[in-house]
Amino acid sequence: MRARVIRLAVTSVVALGVIFGLWSAGRPGGTVAGAALGAGWALMPATLLVMLRAPKARYALVAPSLLVTSALADITVAAGGLGWALIAGGTLLGGLLGAWFWFRLLPVPRMLRDPFGAPRWALIAVHVGSIVAGMAVVGLSTL
């Protein structure tokens, strides 16, 4: 589990950094959206790393997740277009999957219980693929 949490922390630093960089190119949604996105970028990996020593800190992941998701919703409405919608949708899916698998608010079907199983990785591929495709669309549109 430790390696997975560290991987998520590093991934969040890189992915949210790229998303913040894309936002800063045009600043859609304004300063409030940028501040929420930046705060989520800082808090997500920090919270994940705190979890290594205090596992119950995982419940605090709701805060950076909500900051990033609400910022991306605002950015998507302000900017329009497929790219930001893919980023927002992929991020929302990741947040929902994280809440489902980590918090167990709803029962997890047997086929999704193995974190390394193909069905779970298929959901993660949709989550990551949406974000990466959205980054490509937004990035190419700024050229």
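It should be noted that the structure appears before, not after, this text.
Residues numbered from 1 in each chain as written. Predicted model: local features only at pLDDT ≥ 70, side-chain atom pairs only at ≥ 80, totals over all residues. Heavy atoms only, no water.

## Let's talk about the overall build of the protein
- A count of helical and extended segments in the protein gives five helices and zero strands.
- Helices and strands in the protein line up, N terminus first, as α-α-α-α-α.
- Taking 2.2 N^0.38 as the reference for a compact globule, 143 residues should give roughly 15 Å; the C-alpha atoms of the protein span a radius of gyration of 15 Å, in line with that estimate.
- Counting only C-alpha atoms and orienting by the principal axes, one finds that the protein spans roughly 45 × 30 × 25 Å. (Helix = DSSP H or I, 4+ residues; strand = E, 2+ residues; numbered from the N terminus. Rg over C-alpha atoms; globule rule 2.2 N^0.38 Å.)

## Section: the packing of helix α1 (residues 2-26) against helix α2 (residues 30-51)
- At a minimum axis distance of 8 Å, the contact between α1 and α2 shows a crossing angle of 170°. Here α2 runs roughly antiparallel to α1, going by the angle between their axes. Residue-level inspection shows Val5, Leu8, Ala9, Ser12, Val13, Leu16, Gly17, Ile19, Phe20 and Trp23 of α1 in contact with α2, the latter providing Gly30, Gly34, Leu37, Gly38, Gly40, Trp41, Met44, Pro45, Leu48, Leu49 and Met51.
- Its residues assigned to classes, the contact of α1 with α2 comprises 15 nonpolar, six polar and no charged. (Axes fitted to C-alpha atoms, helices over the stretch in contact; angles between N-to-C directions. Parallel < 35°, antiparallel > 145°, perpendicular 65-115°, else oblique. Contact = heavy atoms within 4.5 Å. Nonpolar A, V, L, I, M, F, W, Y, C, P; charged D, E, K, R; others polar.)

## Considerations on helix α4 (residues 82-103)
- A rise of 1.5 Å per residue sets the reference length of α4, with its 22 residues, at 32 Å; its end C-alpha atoms lie 31 Å apart and thus fit the reference within 8%.
- Among all positions of α4, only Gly83, Trp84, Ile87, Ala88, Gly90, Thr91, Gly94, Leu97, Phe101, Trp102 and Phe103 are buried.
- The inward-facing, buried residues of α4 contact α1, α2, α3 (62-79) and α5 (118-141). (Expected span 1.5 Å × (residues − 1). Buried < 20%, exposed > 50% of the residue type's maximum accessible area, 1.4 Å probe, protein only.)

## Looking at α2
- Its 22 residues give α2 an end-to-end C-alpha distance of 32 Å, which sits within 8% of 32 Å, the value for a rise of 1.5 Å per residue.
- The elements touched by buried residues of α2 are α1, α3 and α4.

## Quick look at the nonpolar core
- Counting 30 residues, the largest nonpolar core has Ile19, Leu48, Leu72, Trp84, Ile87 and Trp102 as its most contacted members.
- Breaking this core down by element, the ones donating at least two residues are α1, α2, α3, α4 and α5. (Core = buried A, V, L, I, M, F, W, Y, C linked by side-chain atoms within 4.5 Å.)

## Let's talk about the packing of aromatic side chains
- Summed over all chains, the structure comprises four aromatic pairs.
- Judged by centre distance (5.1 Å) and plane angle (25°), the rings of Tyr59 and Phe103 are stacked. Residue Tyr59 is located in the loop between α2 and α3, and its partner Phe103 is located in helix α4; the two are separated by 44 residues in the primary sequence.
- Exposure remark for Phe103: the relative accessible area of 17% places this residue in the buried category.
- By way of ring pairs, the aromatic residues Phe20, Trp23 and Trp41 are connected into one cluster.
- The positively charged end of Arg120 is found above the aromatic ring belonging to Phe101, 3.8 Å away from the centroid. (Phe/Tyr/Trp six-rings, centres within 6.5 Å; stacked < 30°, edge-to-face > 60°. Lys NZ or Arg CZ within 6 Å of the ring centre and 35° of its normal.)

## Let's talk about the side chain of Arg4
- By the secondary structure assignment, Arg4 is in helix α1.
- Salt bridges are absent for the buried Arg4, whose nearest opposite-charge side chain, Asp114, sits at 7.8 Å.
- When near neighbours in sequence (up to four residues on either side) are disregarded, Arg4 contacts Trp102, Pro115, Phe116 and Arg120. (Lys, Arg positive; Asp, Glu negative; His and termini not counted. Salt bridge = Lys/Arg side-chain N within 4 Å of Asp/Glu carboxyl O.)

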